[in-house]
Amino acid sequence: MHKQVSHTQKIRIARQFSRAAGQYNEAAQIQLQVAMDALSYLPEQVGVSLDIGCGTGRITRMLAARSNTTYAIDIAMGMLHYAKTESVSPPDPDGVITWLQADAEQLPLQQHSVHTVFSSMVLQWCAQPDLVMQQIRGVLKPGGQAVLAIMVDNSFFELNSVWAHFDQFRHVNQFHRAETWRQAALNSGLKVEMQRQRYTSYHLGLRELLSSIKQVGANVLLQASEPNTQSAQPLSRSLLRQLEAEYRHQYATFNALPLSYDLVFLHCQHSDS
Ligand SMILES: C[S@@+](CC[C@H](N)C(=O)[O-])C[C@H]1O[C@@H](n2cnc3c(N)ncnc32)[C@H](O)[C@@H]1O
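Visitor: So what about the overall build of the chain? Which residues, and what values?
Guide: For the chain, the helix and strand inventory stands at 9 helices and 7 strands. On C-alpha atoms alone, the chain measures out to a radius of gyration of 19 Å, which is about the 19 Å that the 2.2 N^0.38 rule sets for 273 residues. Split into buried and exposed, the 273 residues of the chain put 38% on the buried side. When contacts within the chain are restricted to residue pairs at least 6 apart in sequence, those whose partners lie at least 24 apart make up 79%.

Visitor: How would you explain the packing of helix α5 (residues 129-139) against helix α7 (residues 178-187) if you had to name every residue and give the values?
Guide: Their axes nearest at 8 Å, the elements α5 and α7 cross at an angle of 45°. The angle between α5 and α7 places the two elements in the oblique class. In the crossing of α5 with α7, the sense of the turn from one axis to the other is right-handed. Of α7, the residues touching α5 (which contributes P129, D130, V132 and M133) are T180, W181, A184, A185 and N187.

Visitor: Account for the site of the ligand, naming residues and giving values.
Guide: Surrounding the ligand, one finds 25 residues, the nearest of these being F17, G53, G55, A76 and W125. Residue assignment for the shell around the ligand shows that the elements contributing at least two residues are α1 (7-27), α2 (29-39) and β2 (67-74). No other element matches α1, which puts 3 residues into the shell around the ligand. Tallied by class, residues from the shell around the ligand come to 18 nonpolar, 4 polar and 3 charged.

Visitor: Pulling in residues and values, what's your account of the pairing of strand β5 (residues 140-151)?
Guide: Of all 12 residues in β5, 9 are buried, a share of seventy percent or more. As judged from the 6 bridges shared by strand β4 (residues 114-120) and β5, these two strands associate in the parallel manner. Following the sheet pairing, S120 is matched in β5 by A149. Bridge count for β5 against strand β7 (residues 257-270) is 7 bridges, and the pairing is antiparallel. Each residue of the ladder has a partner; that of L148, found in β7, is L266.

Visitor: Lay out the sheet that holds β2 with the relevant residues and their values.
Guide: With mixed pairing, 7 strands are arranged side by side in an open sheet as β3-β2-β1-β4-β5-β7-β6. The outermost strands of the open sheet, each flanked by one partner alone, are β3 (97-101) and β6 (190-203). Strand-to-strand twist of the sheet, defined as the mean angle between neighbouring strand axes without regard to direction, takes the value 15°. Here 6 bridges tie strand β1 (residues 47-52) to β2, and the two strands are oriented parallel to one another. Bridge pairing in β2 places S49 opposite T70.

Visitor: Explain the environment of T85 to me, and be specific about the residues and the numbers.
Guide: If you trace the backbone, T85 turns up in helix α4 (residues 77-85). Spatially, the C-alpha atom of T85 lies 9.7 Å from that of T56, the residues being 29 residues apart in sequence.

Cut-offs and rules
- Residues numbered from 1 in each chain as written.
- Predicted model: local features only at pLDDT ≥ 70, side-chain atom pairs only at ≥ 80, totals over all residues.
- Helix = DSSP H or I, 4+ residues; strand = E, 2+ residues; numbered from the N terminus.
- Rg over C-alpha atoms; globule rule 2.2 N^0.38 Å.
- Buried ≥ 20, exposed ≤ 12 C-beta atoms within 10 Å, placed from the backbone.
- Contact = placed C-beta atoms within 7 Å.
- Axes fitted to C-alpha atoms, helices over the stretch in contact; angles between N-to-C directions.
- Parallel < 35°, antiparallel > 145°, perpendicular 65-115°, else oblique.
- Left-handed = near helix turned anticlockwise from the far one by under 90°.
- Near = placed C-beta within 6 Å.
- Nonpolar A, V, L, I, M, F, W, Y, C, P; charged D, E, K, R; others polar.
- Pairing = 2+ DSSP bridges.

So this is what it looks like as structure tokens:
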């Protein structure tokens, strides 16, 4: 796993997600399923809440319906702009949501100011689980809780193993292990329960599969600055055909290509409760 996501990489992450804002809601079906499952861990009323990596705000608005005050942060200005101005999700009639551009590794809220932290499909973009969990514990009130859905290692393993037939370069992000996140939560002083779940999307061809990742802005390769990733061959038509043939050979189900998202759900409690 990458040791640290550099400032330049964070700018690239923010840029890619900003670009994706307009098509995100339509493309991000797995992300919606994951977020709905994560929301189901929350009680009917969540007090003051924080959505880390709010994206287009569709989930934030659902969270806000159970909150008296909601803070929504995202690193991508384009996402925040969309969330504030173009979202067709339930409106925010009482103005309970405050939208802020910020990094999950540096939360801009006061210590012990929120009852509930929520985050879905975001924290895998952070390289420092200990720092993230310290930040989350820091903003939680005693007795508060956090529900976090995070992509972990082995996600997109099909793509990884198919690429390995063609070169030795890394083409797929290698995310932290679930246990690393659980341990980071414990290290920060939070109590934690963990569940793992695999979600699978199916695609008619490899181009469509790759574009499903790009359309949601998730196509930044965190390890791209490592020396051995510099000269990976460009994806020509013929290489794409060969990759697709190998993908079909190894994984096709009724002719469709599966893509696995491995998720960990952490349900954390502030341990002073
Ligand atoms: C896959 S989207 C998830 C959006 C939303 N949570 C959902 O479930 O639909 C990931 C979001 O995380 C944001 N993000 C990535 N890295 C971040 C960071 N370090 N701090 C805050 N937001 C970040 C991206 O800009 C993007 O909006």
